[in-house]
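So the chains spell out like this:
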Amino acid sequence: MHAYSRSTSLIGIAVALTAFVHPAEARRYDWRGGEGSFNARSRWTPTGEPGKNDDAFILQPGSKVNVVAGTQREVRHLQIGSGNHVNILYHPDYLLRSYLHVHGNITNNGTITVYGFLEGTDNHRIDGNGVIQLNGGTLGGTHSASERRRVNWTIGSGQTIRGSGTVGNSHIVISTGKVYRATVIVNNGLIEASTPGGTLYTRGTISGNGTLRSGGGAKLQINDEATTGNLVNDGSLQLNTRVTVLKDYSGAQLGSGNGFNGRNGVSGSGGIFAADAQQVVSGNAVTAAFPNVSFLDFGTLRVGDSRGTNITIRNAGRETRLRGAVQNVHAPDVSVQNADFVLDPFPLGGSHVANLRFNARTAGTVSGQALTVANNFDNVANHSLIVRADVYAPAVATRTSRIVDFGVVRGGTAGFTSSTTIRNTASGALTDHLRTSVAVTPGHVNVLSVPGLLAAGQSGVLRFGLDTGTAGLVNSTATLGFTSVNPVLADLALESQTISFFGTVTDVAVAELAKAGGAGSFAGSGSLYTLDFGSIRAGSGPVATEIAVWNAIFATAFSETLGGGFVLDGGPGFAFAGDAFSDLAGGDIDLGNWLSFDSSGLRAGSYESVLTFNGFSRFSGLADQALGPITLNIRATVMSVPEPASWAMLIAGFGLVGGALRRQRMAAMA
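Residues numbered from 1 in each chain as written. Predicted model: local features only at pLDDT ≥ 70, side-chain atom pairs only at ≥ 80, totals over all residues. Heavy atoms only, no water.

**Student:** Tell me what's going on with the overall build of the chain, and back it up with residues and numbers.
**Tutor:** Within the chain, the regular secondary structure consists of two helices and 62 strands. Residue pairs at least 24 apart in sequence account for 62% of intrachain contacts in the chain once pairs closer than 6 positions are excluded. Carbon together with sulfur atoms contributes 51% to the accessible area of the chain, which is approximately 31600 Å² in total. (Helix = DSSP H or I, 4+ residues; strand = E, 2+ residues; numbered from the N terminus. Contact = heavy atoms within 4.5 Å. Areas by Shrake-Rupley, 256 points an atom, 1.4 Å probe, with all protein chains shown as cover.)

**Student:** Provide a residue-level description of the packing of aromatic side chains, including the pertinent values.
**Tutor:** Under the defined criterion, the tally for this structure stands at 16 aromatic pairs. Consider the rings of F464 and F501, whose centres lie 4.6 Å apart with planes at 70°: the pair is edge-to-face. With F464 in strand β48 (residues 459-466) and F501 in strand β51 (residues 497-505), the pair connects residues that are 37 residues apart, well separated along the chain. Note on accessibility: F464 and F501 belong to one class, buried. A centroid spacing of 6.4 Å and a plane angle of 20° characterise the contact between F533 and F597, whose relative ring orientation is stacked. With a gap of 64 residues between them, F533 in strand β54 (residues 528-537) and F597 in strand β59 (residues 589-598) connect regions that are remote in the sequence. (Phe/Tyr/Trp six-rings, centres within 6.5 Å; stacked < 30°, edge-to-face > 60°. Buried < 20%, exposed > 50% of the residue type's maximum accessible area, 1.4 Å probe, protein only.)

**Student:** Talk me through unusual backbone geometry; I want residue IDs and the actual numbers.
**Tutor:** Here the residue pair T45 and P46 is connected by a cis peptide bond, since its omega of -5° sits within 30 degrees of zero. By the element assignment, P46 lies in the loop between β3 (44-45) and β4 (55-58). Note that the residue after F346, namely P347, is joined by a cis bond; omega there is 5°. Here P347 lies in the loop between β38 (340-343) and β39 (351-359). The phi dihedral of N292 is positive, around 65°, even though this residue is not glycine. The phi angle at D583 is positive, at roughly 60°, despite the residue not being glycine. With respect to the helices and strands, D583 occurs in strand β58 (residues 581-584).

**Student:** I'd love a proper account of the pairing of β38, names of residues and values included.
**Tutor:** Of the two faces of β38, the one holding F341 and L343 is buried and the one holding D340 and V342 is not buried anywhere. Across four bridges, the pairing between strand β36 (residues 322-330) and β38 is antiparallel. The residue bridging R323 from the neighbouring strand is V342, located in β38. (Pairing = 2+ DSSP bridges.)

**Student:** Quick rundown of the nonpolar core? Include the residues and the values.
**Tutor:** L118, I311 and F358 are the most contacted members of the largest nonpolar core, which totals 79 residues. Apart from the residues within four sequence positions on either side, I311 is in contact with V281, S282, V286, L296, V326, H352, V353, A354, L356, V373 and L385. Membership of the second largest hydrophobic core comes to 28 residues, among which are A538, V549, L632 and V638. (Core = buried A, V, L, I, M, F, W, Y, C linked by side-chain atoms within 4.5 Å.)

**Student:** For the environment of A429, give the residues involved together with the corresponding values.
**Tutor:** Turning to its location among the elements, A429 is positioned in the loop between β45 (417-424) and β46 (433-440). Here A429 falls in the exposed class, since its relative accessible area comes to 65%. Not counting chain neighbours up to four residues away, the residues in contact with A429 comprise A363 and G364.

**Student:** If you had to explain the sheet that holds β45 to someone new, which residues and values would you point to?
**Tutor:** If you trace the four strands from one edge of the open sheet to the other, you get β43-β45-β48-β47, paired in antiparallel fashion. A strand with exactly one partner marks an edge of an open sheet, and here the two such strands are β43 (397-399) and β47 (445-449). Strand-to-strand twist in this sheet, taken as the mean axis angle between neighbours without regard to direction, amounts to 30°. Bridge count between β47 and β48: four bridges; the pairing is antiparallel. (Axes fitted to C-alpha atoms, helices over the stretch in contact; angles between N-to-C directions.)

**Student:** If you had to explain the sheet that holds strand β35 (residues 306-315) to someone new, which residues and values would you point to?
**Tutor:** The strands that make up a sheet pair up through hydrogen bonds in the backbone, lying either parallel or antiparallel. Here four strands make up an open sheet; going across it, the order is β32-β35-β39-β37 and the pairing antiparallel. Two strands bound the open sheet, and with one partner strand each, they are β32 (279-282) and β37 (334-337). The average angle at which neighbouring strand axes cross in this sheet is 25°, direction not considered. Looking at chain direction, β37 and β39 are connected through four bridges and run antiparallel. Considered in β39, the bridge of Q337 is made with N355.

**Student:** Now, about the side chain of Q159: what can you tell me, with residues and values included?
**Tutor:** Its location among the elements puts Q159 in the loop between β17 (152-155) and β18 (160-167). You can call Q159 buried: its relative accessible area is 1%. Side chain to side chain, Q159 and N108 meet in a polar contact 2.7 Å long. Of note is the side chain of Q159, whose polar atom sits 3.2 Å from the backbone oxygen of G128. Residue contacts for Q159: discarding those within four places in its chain leaves N108, I126, D127, G128, N129, G130, V131, I132, G189 and L190. (Polar contact = N/O pair within 3.5 Å; in protein donor to acceptor, adjacent residues only side chain to side chain.)

**Student:** If you had to explain the environment of N240 to someone new, which residues and values would you point to?
**Tutor:** Counting through the fold element by element, N240 comes out in the loop between β28 (236-239) and β29 (243-250). For N240, a relative accessible area of 34% corresponds to the partly exposed category. For the pair formed by N240 and N223, sequence separation is 17 residues and the distance between their alpha carbons is 5.0 Å. The contacts of N240, once residues within four sequence positions are left out, are Q221, I222, N223, G268, S269 and G270.

**Student:** Requested: an account of the environment of F566, with residues and values cited.
**Tutor:** Relative to the elements of secondary structure, F566 occurs in strand β56 (residues 561-568). Residues F566 and D579, 13 residues apart in the sequence, show an inter-C-alpha distance of 7.9 Å.

**Student:** An account of the pairing of β48 is needed here, citing residue identities and associated values.
**Tutor:** Here β45 runs beside β48; their pairing, made up of seven bridges, is antiparallel. When the bridges of β48 are listed, T417 appears paired with G465.

**Student:** Go over the pattern of salt bridges, please, and point to the residues and values.
**Tutor:** Scanning the model with the defined rule gives 19 salt bridges in all. Residue D234 is joined to R213 by a salt bridge in which the shortest nitrogen-to-oxygen separation is 2.8 Å. One end of the pair, D234, is in the loop between β27 (226-233) and β28; the other, R213, is in strand β25 (residues 211-214), with 21 residues separating them in the sequence. On the accessibility criterion, R213 (22% relative accessible area) is partly exposed. Where R635 meets D532, a salt bridge forms, and the shortest distance between an N and an O atom there is 3.6 Å. Here D532 lies in strand β54 and R635 lies in strand β62 (residues 630-639), a separation of 103 residues in the sequence. For R635, a relative accessible area of 36% corresponds to the partly exposed category. In this structure D532 comes out as partly exposed when scored by relative accessible area, which is 27%. When salt bridges with common partners are traced through the structure, they connect D248, R321, R323 and D344 into a single cluster. (Salt bridge = Lys/Arg side-chain N within 4 Å of Asp/Glu carboxyl O.)

In structure tokens:
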């Protein structure tokens, strides 16, 4: 039921009676210009008001025609010039709407503002480059129950329907039980929800190559199945049915990168389907696993490494543009460049290359990470790329000490060693082995053994030997080289480390004997010497020799001191006087060791004895080391003294010999 004023009803009756008396003929009515009510007869040429069989032309610039609230007007064809307006009004106080019923077509190059109803009955076209602004009004089929049937509106490519209100009518069941089909909108232009906070409803089937759009802050609610050339969502969509997109689905709501989602700003149970689009993903590192699921294999890396690869996305469909993004929401170790793509259908669409880089952060076999190649359509499956990689933690070399102190070692000690422990402290599910190498600077130290390959958590002994053949101070450094190795990757040189060696190799004291003074002939070296007192007249009294003991090494910080004492192995006539000594530094001599022989009371003959020096070498912190004994063999010969008669005969004999020699010389001279 619609409310009408009494005057309006009377006018309608009068018009109907006139039409009955004078059957209507199709006429052209031209608006004379300016603003006025549609039913102002004086504003039309010829004077009168267009009817359902008449064509209305509103072409005069600046024209503004109002269909007054609560009235209903009808025309056959309606043509509106550029810049002109037709307002189908609504009276909010009395809830009165107006109706403009078009039985033919509309050519609109101006603006039709609909607060009430712009309706039709059969098949209609709206052409031109104008705008139909819905301000809570409806573009649809007739509201008359007696004329409800399917109504087709074809919207030309230059026409825009926008605002908030309703486009079309849903099917209706009237009291007779008959079902009247919904309005069919063939949209080749633009239907746009453009009023912020408002909703534009579509009721009835929509088809065509035009555009359905929700503007910023506005909602487009699609209640019946729709097919559109383009769908643009810059506001919000409520879909109560499926929408099929022939060309392109776009809009600010789609987002980008990880925020891309074809359902952003979309509510309702309806889907957004591509007429013909197909997403294909390929790449050198991509291996198909299942439909729309592939493995993305980055191979083997070490922690801290990164490796890049590319994937190619193609649209193998032949009609609908595909939009989407490569998303790494569930692959935090993969960075993506050139994530967003727009692909025209085959064969014009070409392809899009996204750049991927895997950043190895944690050792182990990567699991639970996947990229998503998402697109904007509900009937085109997203593609999952399951990330695969083996990440090894490099070996980590540690040693128990940076200093090896051999301490004090006596020169010549065999098999003296020291060591440090090398450990691979790498951690993780996959780890490299550790290889150790050593370069030693000259100076007493040599490498005896190096650990083999050490797995994570393993340790090995690096053993060093000390060369004690040369006395001196140990002060050298070894460079430890470390390499991280595994069976797949190239060896990785790790930072070298140093280890310092300290110690002292002593110079063992060397005892040598010498004759410091006195009688006898002294000879020998090493561990064997001789002292020959020669022939001694019996009873002539004692003879003596001073034996010197020399520490025959240089005095240095690492030289040992000499100590010891003499032991005389008896023998008649021999005697020794001297004390044991110690701490004789290198190059120093110990004196006061007297060896004597007294022939008194001895018979003529040879006499022998042995004097032995038992020495030791000493260094602070070390036990004294006994030196080999040094033997001094001693000899002396005792001669007897002649009797007086023996002396006289001897002298006489010397005289005879001397005389004979003299005679021989004189004879030779004569």
